[in-house]
Amino acid sequence: MTRYYFDIDDGLYATEDRDGVDYPGLDAAKLAAIRTATSIACDLSISDGARVTVKVRNSAQLLFEAVVTLQLSDHPPDSG
Amino acid sequence: MDRTSPADTLLKRLRISADINEADERAIRRLPINIKRIGGNEPIVSFGDRPPACCLVIEGFVLRSKNVGEGERQILAFHQPGDIPDLQSLYLHIMDHDVSSMGECVLGFIAHGPLRSLVRSQPNIAEVLWRDTLIDAALFREWICNVGQRSGASRLAHLVVEIYTRLKAVGLVNGLSFDFPVTQVLLGEAVGLSTVHVNRVLQQLRGEGLLEIDRGTITILDETRLKNKADFDPLYLHLNPSL
């Protein structure tokens, strides 16, 4: 098991992970980052769009980041 | 355990949500209860088992869970002293989920035979246990609402307020603090969030001055605001026997 630290920013609230979570390897940590980013995105109001960034590091360095971008675009009025 | 008998634990718990007369109490006290102490994180009964007895939680905490897909687990319920988490095995003979200990526990096993005789000879006890089973179902309905509709922060807040309210009813809280041997992994499995998401939400709730979890002790810092965050209404716990 390796300890990974997940720093998360959803634009409104940023958390720095001091505890860390143990996962068997990088793939499991990536899956956790994706699930976390999408479930945090589910709780957001997207009226202006939103971006959830999960930066994952071990005790030494930044390893990867998962980003979920929510974008709400009004469709242009039909000109035809 | 010292001065109170296992039957006392059960009676105290049942009296919170139902009326029990003296004849019922005598009959419950005559039940043979086989006491066992088990370690943390150990199976008590598992999916597919045909248990010969129901298990009364005397000390400590127990959880019910179901394995889903490959290696995922959903926690279905947490149980506290006085609960009989596998009461259903009296009538549903094959377990459809798992029951396991959280921390170290003292359990009282009540064989199905004497329990069935009790229910048949004391109709009031049958009604009390039926009511208890219905309350169990009410908790499951609330948990469905929790994992299906609430935000991450509300889910965790709701779970904590529920556990606090149920423990307070049997006198197992110390002010706004209570012992509950939960980990972030278990919390995630109970509310359908990743451990990482739980970690973040707990930081957020602590930062907002709502609650704090430290090595098996949960402290509510602001009860009113936590209940608001949780969207909590205690009606579903049916803690008043006259209602």
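Scroll up to find the structure.
Residues numbered from 1 in each chain as written. Chains lettered and ligands numbered in written order. Predicted model: local features only at pLDDT ≥ 70, side-chain atom pairs only at ≥ 80, totals over all residues. Heavy atoms only, no water.

Draft legend 1. Spotlight on the state of the cysteines. What the rule picks out here adds up to 0 disulfides over all chains. Cys105 of chain B takes part in no disulfide bond, and the closest cysteine sulfur, belonging to Cys55 of chain B, lies 8.2 Å away. Under the relative-accessibility criterion, Cys105 of chain B is labelled buried at 0%. Counting only cysteine sulfurs, Cys42 of chain A is the nearest neighbor of Cys145 of chain B, a cysteine outside any disulfide, at a range of 18 Å. (Disulfide = S-S within 2.5 Å. Buried < 20%, exposed > 50% of the residue type's maximum accessible area, 1.4 Å probe, protein only.)

Draft legend 2. Representation of the interface of chain B and chain A within the structure. Facing the 13 residues of chain B at the interface are 18 residues of chain A. Around 1300 Å² of area is buried between chain B and chain A when both sides are counted, 49% of it from carbon and sulfur atoms. Per-residue buried area on chain B facing chain A is highest for Val196, Arg200 and Gln203 of chain B; these three make up 50% of the total on that side. Across the chain B-chain A interface, the total number found is 2 salt bridges. Ionic pairing is found between Asp10 of chain A and Arg200 of chain B, a salt bridge with its closest N-O pair at 2.9 Å. Our count for the contact surface shared by chain B and chain A stands at 11 residue pairs in polar contact (both at pLDDT 80 or more). With 7 residues, helix α7 (residues 195-207) of chain B is the single largest residue contributor to the side of chain B that touches chain A. (Contact = heavy atoms within 4.5 Å. Buried area = accessible area lost by both parts, 1.4 Å probe. Salt bridge = Lys/Arg side-chain N within 4 Å of Asp/Glu carboxyl O. Polar contact = N/O pair within 3.5 Å; in protein donor to acceptor, adjacent residues only side chain to side chain. Helix = DSSP H or I, 4+ residues; strand = E, 2+ residues; numbered from the N terminus.)

Draft legend 3. Spotlight on the pattern of salt bridges. All names here are of chain A. The final tally for this structure, using the stated rule, is 19 salt bridges over all chains. Arg3 is paired through a salt bridge with Asp22; the nearest N and O atoms lie 2.9 Å apart. Pair noted here: Arg3 is in strand β1 (residues 2-9) and Asp22 is in strand β3 (residues 21-23), with a separation of 19 residues, a long-range link. Residue class for Arg3 comes out partly exposed when judged on its relative accessible area of 40%.

Draft legend 4. Expanded view of the sheet that holds strand β7 (residues 105-111) of chain B. All names here are of chain B. Spatial ordering of the open sheet is given by β1-β7-β3, a layout of 3 strands whose pairing is antiparallel. Every other strand in the sheet has two partners, leaving β1 (34-38) and β3 (53-59) as the edge strands with one partner each. For this sheet, the mean inter-axis angle between neighbouring strands, taken without regard to orientation, is 30°. Sheet topology note: the β1/β7 ladder contains 5 bridges and is antiparallel. When the bridges of β7 are listed, Arg37 appears paired with Val106. Running at roughly 90° to β3, helix α1 (residues 6-17) makes contact with β1 and β3 of the sheet. Against the sheet, helix α3 (residues 112-121) contacts β3 and β7, and its axis sits at roughly 65° relative to β7. (Pairing = 2+ DSSP bridges. Axes fitted to C-alpha atoms, helices over the stretch in contact; angles between N-to-C directions.)

Draft legend 5. Region of interest: the packing of aromatic side chains. Inspection of every chain in the model, using the stated rule, returns 6 aromatic pairs over all chains. Connected via pairs of aromatic rings, a cluster forms that spans Phe61, Phe78, Trp143 and Phe180 of chain B. Above the ring of Phe64 of chain A, the side-chain terminus of Lys30 of chain A is found at 5.8 Å from the ring centroid. Taking the ring centre of Phe109 of chain B as reference, the NZ or CZ of Lys36 of chain B above it sits at 4.9 Å. (Phe/Tyr/Trp six-rings, centres within 6.5 Å; stacked < 30°, edge-to-face > 60°. Lys NZ or Arg CZ within 6 Å of the ring centre and 35° of its normal.)

Draft legend 6. Spotlight on the environment of Ser45 of chain A. All names here are of chain A. Within the secondary structure layout, Ser45 lies in the loop between α1 (26-42) and β4 (50-57). Overall, Ser45 belongs to the exposed group, its relative accessible area being 57%. With 26 residues separating them in the primary sequence, Ser45 and Asp19 have C-alpha atoms 28 Å apart.

Draft legend 7. Representation of the nonpolar core. Residue and element names in this part refer to chain B. Core analysis: the biggest nonpolar cluster contains 38 residues, and Phe78 and Phe180 have the highest contact counts within it. Going through the elements one at a time, β5 (72-79), α4 (123-149), α5 (152-169), α6 (184-191), α7, β10 (217-220) and α8 (223-230) are the ones with two or more residues in this core. When residues of this core are assigned to their parent elements, the largest contribution, 9 residues, is made by α5. Not counting residues up to four positions away in its chain, the partners in contact with Phe78 are Val62, Leu63, Asp83, Met102, Trp143, Leu159, Ile163, Arg166, Phe180, Val182, Leu186 and Ala190. If you look at the next biggest cluster of nonpolar residues, it comprises 23 residues, including Leu11, Ile110, Val119 and Ile125. (Core = buried A, V, L, I, M, F, W, Y, C linked by side-chain atoms within 4.5 Å.)

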